[in-house]
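Coordinate inspection notes
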Amino acid sequence: MPGDPDNPLGARALYLYDGSRDTMYRLHGTNVPSSIGTAVSSGCIRLFNHDIIDLHRRTPIGTNVRVLPG
């Protein structure tokens, strides 16, 4: 499904892999801004759509990401 305001993962989504293994972590926008910063799903890090659009544009494939416990 293309990224847009109606997509459940928002305007963009970055799927995080460890080599070829899907880590099940996602960085994505949301069309429900009140859900940002809440534990509504496991493995998803929600951002404002304009922030994930910017991050998606500036992040090359293969960029290292460190996920820290909350």
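Provided above is the structure to which this section pertains.
Given the structure is predicted, the values throughout are model-derived calculations rather than measurements.

Position of Ile-61 among the secondary structure elements: in the segment after α1 (49-58). Relative accessible area serves as the criterion here: at 90%, Ile-61 is assigned to the exposed category. Once the C-alpha coordinates of Ile-61 and Leu-14 are considered, the two residues, 47 residues apart in sequence, prove to be 9.5 Å apart.

This next bit is on the pattern of salt bridges. The full count for this structure, using the stated rule, is 3 salt bridges. Across the pair Asp-18 and Arg-21 runs a salt bridge, and its minimum N-O distance is 3.5 Å. Across the pair Arg-26 and Asp-22 runs a salt bridge whose closest N-O atoms are separated by 2.9 Å. Assessed through its relative accessible area of 12%, Arg-26 is described here as buried.

Both strand β1 (residues 13-18) and strand β2 (residues 21-29) contribute to a ladder of 6 bridges, which runs antiparallel. When the bridges of β2 are listed, Leu-14 appears paired with Leu-27. In textbook terms, the turn of a hairpin is the stretch between consecutive antiparallel strands, and for β1 and β2 this stretch comprises 2 residues, one of which, Gly-19, has a positive phi near 70°. Where β2 lies against strand β3 (residues 44-47), 4 bridges are found, and the strand directions are parallel. The residue of β3 that forms the bridge with Leu-27 is Ile-45.

Rules of the game
- Here the residue numbering is sequential within each chain, running from 1 through the sequence in written order.
- Confidence filtering applies because this is a predicted model: local features only for residues at pLDDT of at least 70, side-chain atom pairs given and counted only at 80 or more, and all residues used for totals across whole chains, interfaces and linings.
- Side-chain measures were taken over the full set of non-hydrogen atoms in the model, leaving aside hydrogen atoms and water.
- Counting from the N terminus, the helices are DSSP H or I runs at least four residues long and the strands are E runs at least two residues long.
- Only protein chains enter the accessibility calculation, which uses a 1.4 Å probe. A residue is then buried if its area is under 20% of the maximum for its type, exposed if over 50%, and partly exposed in between.
- By definition, a salt bridge exists where a carboxyl oxygen of Asp or Glu is found within 4 Å of a side-chain nitrogen of Lys or Arg.
- Paired strands, in this sense, are two strands between which DSSP finds at least two bridges.

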